[in-house]
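This is what each chain is made of:
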Amino acid sequence: MRWTAFPLMMLWLSAAGVAAQERLASKGGRILPVTGSPIEGGVILIRDGKIEAVGKELAIPSEAKVIDATGKVIVPGFVEAHSMRGTDRSNETNPNVPFLSVVDAIDPSQDYFEECRRNGVTASAIVPGNQTMFGGQAAVVKTAGGFVDEMIVKRAAGIKISLRPTSDRNRMGQIAAIRKALDDARELVAEDTKPEAQPTADEKPKDGAGGSAAEQQQPPRRRNQQAGRQQRPSGEGSDAALVSESLSRLLRGELLAFIYCELAMDVPQAIKLINDYKLKGVLVLGQDCYKAIPQIAASKLPVVLDPTLVFWETDPRTGEDKQIILPKLYRDAGIPITFQVTGFAAGNLFRSPNLPPTLGTNYLWYQAATAVKYGMPPDEALAALTIRPAQLIGVGSILGSIEPGKDADLVILTGDPLKLDTWVHTTIVGGKVAYERDTDRKLKALLKPEK
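Quick summary incoming for the structure in this document. Just so you know, these numbers come straight off a predicted model, no measurement behind them.

The rules behind the values
Residues numbered from 1 in each chain as written. Predicted model: local features only at pLDDT ≥ 70, side-chain atom pairs only at ≥ 80, totals over all residues. Heavy atoms only, no water. Helix = DSSP H or I, 4+ residues; strand = E, 2+ residues; numbered from the N terminus. Buried < 20%, exposed > 50% of the residue type's maximum accessible area, 1.4 Å probe, protein only. Lys, Arg positive; Asp, Glu negative; His and termini not counted. Salt bridge = Lys/Arg side-chain N within 4 Å of Asp/Glu carboxyl O. Contact = heavy atoms within 4.5 Å. Disulfide = S-S within 2.5 Å. Pairing = 2+ DSSP bridges. Phe/Tyr/Trp six-rings, centres within 6.5 Å; stacked < 30°, edge-to-face > 60°. Lys NZ or Arg CZ within 6 Å of the ring centre and 35° of its normal.

### Description of the side chain of Arg 117
Alright, step 1. When you line up the elements, Arg 117 lands in helix α2 (residues 111-118).
Alright, step 2. Glu 114 provides the closest opposite charge to the buried, unpaired Arg 117, separated from it by 5.4 Å.
Alright, step 3. What Arg 117 contacts, discounting residues up to four positions off in sequence, is Thr 143, Ala 144, Val 424, Thr 427, Ala 434 and Tyr 435.

Set out below in structure tokens:
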């Protein structure tokens, strides 16, 4: 009887495991997949955090939790391609620390992540600030999760390079220091790619000499190279060997270079850096950089626009005021744009010098709506919130659109994604409901009518 019961028990446990798989389904909503045509009254099936199927008439499993989205619009979760928030401090001010990682400073309990879920942002690239030369390594994270490890999508996504001079340098000195560090790292990459020469009989260490057994087995050039790295002088506030090791990953194309250009004069230098060192680069632009649009367009590089998309500027020669509309200027030049937001923190480093940010610049959907106001087609604006930033930061294969096999990061809206009266009804991150407007106590308190 024991041996008969054993396989029955195993079968029961197996069935229980299948039943325990997390199933979720949305039905009745208007689905905007971004990479395909809209589906009216469609169904999305979710299993174990992934999109299982998307279509018009799909059978919903009996064990699935069903969300009725009738009368609502379903879009992919918004992706923020460049954010300095979510960490215990907004900026790492040491000038040369590419070996550090923002992962060690991310705080899942920060209001930033709650705001993201409330506003439909399901993934964000947390990037070090601009008060640096080589900042720490950026990471792509989901905006829901109790622990950092369960939020991480891409641990090492890129390195911030800022062309804005640090306190003790001018722009010439900043560029020279950046090139010096990249040259050192390039030498390291060149050394690592050379074929190892086998030691001759005279070069082989004798028993008991030349360090440990593992060290004695290494070719002479490798031992000398490692010894040379240990003897290098320290860099500015960091270890030079660690800096070169980290930057070598940048040179090999393993990491994205987020290059911050504060002024238009920084843009040609950034493009030259990318070309000279063959970097995978994205330009993070200040307001003034629109004056270098011809160079940016010729470079074919992706850009992240300044949070303040529309502002006024006085012509220094004529004294006339003119309105600058960044999304229109860049789009007219054929440059694909991605948005970033100001953030709610007072004194945030994204605050543009020409004009204080408005309330709207705190929201990605507002940035896209502003671009639509000045000529961007709505479909392109939605792509600029979803698939375009996902591809830019290297996670387009799993985020940014509603397709089978991708992560189930979805936003259910009360109406058109870019209308002022539209609210986020439900945010789903990794196949789990991470936000519901009906249970948002903070929002209810804010909108509660006065007696």
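### Looking at the state of the cysteines
Alright, step 1. The final tally for this structure, using the stated rule, is zero disulfides.
Alright, step 2. Free of any disulfide, Cys 289 has its nearest neighbouring cysteine sulfur in Cys 261, separated by 5.3 Å.
Alright, step 3. Looking at Cys 289, the relative accessible area reads 0%, which means it is buried.

### Some words on the environment of Trp 365
Alright, step 1. In this fold, Trp 365 is placed in helix α11 (residues 364-373).
Alright, step 2. Residue classification places Trp 365 among the buried positions, given a relative accessible area of 19%.
Alright, step 3. Taking the C-alpha atoms as reference points, Trp 365 and Leu 418, 53 residues apart in sequence, are found 6.1 Å from one another.
Alright, step 4. With near-sequence residues (within four places) excluded, Trp 365 lies in contact with Phe 78, Leu 385, Pro 417, Leu 418, Lys 419 and Leu 420.

### Things to note about the pairing of strand β3 (residues 50-55)
Alright, step 1. One ladder, built from five bridges, connects strand β2 (residues 39-47) with β3; its direction is antiparallel. The residue of β3 that forms the bridge with Ile 44 is Val 54.

### Quick word on unusual backbone geometry
Alright, step 1. The phi dihedral of Val 34 falls on the positive side, at around 80 degrees, and the residue is not glycine.
Alright, step 2. Structurally, Val 34 can be placed in the loop between β1 (23-31) and β2.
Alright, step 3. Here Val 34 falls in the partly exposed class, since its relative accessible area comes to 26%.

### Observations regarding the packing of aromatic side chains
Alright, step 1. In total, this model carries four aromatic pairs according to the counting rule given.
Alright, step 2. Ring geometry for Tyr 112 and Phe 113: centres 5.1 Å apart, planes at 65 degrees, overall edge-to-face.
Alright, step 3. Look at Tyr 112 and you get buried, because its relative accessible area is 3%.
Alright, step 4. Ring geometry for Trp 365 and Tyr 366: centres 6.1 Å apart, planes at 80 degrees, overall edge-to-face.
Alright, step 5. Among the aromatic residues, those joined into a ring-pair cluster are Tyr 363, Trp 365 and Tyr 366.
Alright, step 6. One cation-aromatic arrangement involves Arg 437 over Trp 423; the distance from NZ or CZ to the ring centre is 4.5 Å.

The values are spatial; any link to function lies outside them.
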